[in-house]
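Structural description and commentary
Chain by chain, the residues:
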Amino acid sequence: MTAASNESVLLRRDESRVAFLTLNRPRAMNALSGELIDALQTEFDRLAGDAAIRCVVIEAQGDRAFSTGHDLREVASTRDYAFHHSLMTRCSAMMLSIGRLPQPVIAKVKAVATAAGCQLVAACDLAVASSDATFATSGINNGLFCGTPSVAVGRNIGPKRALDMLFTGTFVDAATAMRDGLVSRVVPAADLDRETKALAERIASQPPQQIASGKAMFRKHMEMNVEQAYAYATDYMAGAIQREDAQAGIDAFVNKRPKPDWTGK
Ligand SMILES: C/C=C/C(=O)SCCNC(=O)CCNC(=O)[C@H](O)C(C)(C)COP(=O)(O)OP(=O)(O)OC[C@H]1O[C@@H](n2cnc3c(N)ncnc32)[C@H](O)[C@@H]1OP(=O)(O)O
């Protein structure tokens with residue numbers, strides 16, 4: 001089943017409860033125009049309430065880029081502070097929405113992901129990269145330090161590696177991005193579609209309430225110190241064990257029965 005939501009972002013859903021959002025500005029290397037940012041936000045808001053969707057994949061149209069960040073033509077069109085502040089505010093809110101979605105979000109990355117395009121990869125829960133993909137925060141090469149991308153990228157890969165990328169604007173390969181923690185899997189280019197789909201479908205087959213609450217819990221405890229994180233995760237686990245799917249799954253294991261159909265309760 002396919003449905004186009006608008007020109008710059010396409011929405012495709014399949015029978016396996018996975019939604020695919022396609023960045024659709026290939027002629028501008030999928031640069032994140034304000035219109036594209038707003039379209040992504042609209043889709044995230046819609047998907048947040050869609051219990052039929054269990055996993056989201058963000059992918060890109062064309063072979064040249066996942067995304068090259070903010071649209072520099074749009075950025076160059078005005079020096080109005082309020083315009084730029086609004087653009088960055090909407091972009092930051094859109095990036096934060098990814099962590100707040102109940103569904104895990106996977107970036108499927110081929111070719112170039114730079115600046116806010118690299119931030120988008122970092123903001124996702126998981127990222128599968130083609131082995132020939134490259135990553136940068138290269139705004140500095142065009143005169144602009146990548147301030148907002150530094151938030152997500154810095155939290156993925158740590159300050160030293162992030163500042164190296166931010167100061168130099170150099171592109172790193174997929175193996176380096178994997179080693180640093182910016183992506184979670186690297187696959188041969190020919191396998192990118194299949195491997196990402198298989199990953200998304202596996203996640204979509206898991207008990208959805210446990211996945212959603214587990215994602216929220218994980219995102220929250222990552223901002224805490226280790227003692228607070230253990231206390232928070234302890235309370236979470238004690239509650240999660242009471243849930244219907246956990247009771248049914250553990251009971252099936254203990255009594256050597258097949259896995260139950262997850263109810264999402
Ligand atoms: C907080 C803010 C963070 C930010 O995100 S600021 C934005 C920072 N982004 C960048 O600085 C990256 C800009 N893009 C580039 O530097 C280069 O591209 C690449 C190194 C990624 C690739 O270079 P090459 O392979 O030679 O391609 P090409 O000829 O530069 O680009 C192909 C077409 O795509 C358009 N394009 C690429 N990136 C952007 C962009 N970010 N905004 C607007 N247009 C872009 C070009 O202009 C051109 O278009 P045409 O074919 O009409 O000449």
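The structure presented is a predicted model; accordingly, all values stated were derived computationally and were not measured.

What counts as what
Residues numbered from 1 in each chain as written. Predicted model: local features only at pLDDT ≥ 70, side-chain atom pairs only at ≥ 80, totals over all residues. Heavy atoms only, no water. 1 Å grid on protein atoms, 1.4 Å probe; cavity = no way out; pocket = protein on both sides within 12 Å on 5 of 7 lines; lining within 4 Å. Points joined across faces, edges and corners; volume = space filled by probe spheres on them. Helix = DSSP H or I, 4+ residues; strand = E, 2+ residues; numbered from the N terminus. Nonpolar A, V, L, I, M, F, W, Y, C, P; charged D, E, K, R; others polar. Near = heavy atom within 4 Å. Polar contact = N/O pair within 3.5 Å; in protein donor to acceptor, adjacent residues only side chain to side chain. Areas by Shrake-Rupley, 256 points an atom, 1.4 Å probe, with all protein chains shown as cover. Buried < 20%, exposed > 50% of the residue type's maximum accessible area, 1.4 Å probe, protein only. Pairing = 2+ DSSP bridges. Core = buried A, V, L, I, M, F, W, Y, C linked by side-chain atoms within 4.5 Å. Contact = heavy atoms within 4.5 Å.

1. Some words on the layout of surface pockets
Each pocket or cavity is described by its volume, and for the largest pocket that value is around 1200 Å³. Around the largest pocket, the lining comprises 34 residues; the ones closest to its centre are A122, A123, C124, D125 and R219. Listed by contribution, the elements that provide at least two residues to the lining of the largest pocket are helix 3 (81-100), helix 4 (116-123), strand 8 (126-130), helix 5 (147-157), helix 8 (192-204) and helix 9 (208-221). In terms of residues, the lining of the largest pocket owes the most to one element, helix 9, which gives 6 residues. Split into classes, the residues belonging to the lining of the largest pocket amount to 18 nonpolar, 9 polar and 7 charged. What the second largest pocket holds in volume is close to 420 Å³. When contributions to the lining of the second largest pocket are tallied by element, the ones reaching two or more residues are helix 2 (72-76) and helix 5. Here the residues of the lining of the second largest pocket sort into 11 nonpolar, 9 polar and 3 charged.

2. A few points about the site of the ligand
As a structural note, the neighbourhood of the ligand is formed by 17 residues, with R64, T68, H70, L72 and N142 the closest of them. Within the backbone of L72, a nitrogen or oxygen atom sits 2.9 Å from a nitrogen atom of the ligand. At a separation of 3.3 Å, an oxygen atom of the ligand approaches a polar side-chain atom of R73. For the ligand, whose unbound accessible area comes to 980 Å², protein coverage reaches 67%. A class-by-class count of the residues in the shell around the ligand yields 7 nonpolar, 6 polar and 4 charged.

3. A look at the pairing of strand 6 (residues 105-109)
In terms of residue burial, strand 6 counts as a mostly covered element, since 5 of its 5 residues are buried. Where burial is concerned, the two faces of strand 6 agree: the one with V105, A107 and V109 and the one with I106 and K108 are both buried. Direction of pairing for strand 4 (residues 55-60) relative to strand 6: parallel, over a ladder of 3 bridges. Counted as the bridge partner of V57 is I106 from strand 6. Of the pairings in the sheet, the one linking strand 6 to strand 8 comprises 4 bridges and is parallel in character. Bridge assignment links A107 to a residue of strand 8, and that residue is A127.

4. Regarding the nonpolar core
One finds I58, F66, V109, V121 and F135 to be the most contacted residues of the largest nonpolar core, which totals 51 residues. With residues up to four places along the chain from it excluded, the contact list for V109 reads F66, V121, V128, A129, S130, A133, F135 and L192. Ranked by size, the runner-up nonpolar core spans 12 residues in total, among them V57, V187, A200 and A204.

These figures capture arrangement, not role.
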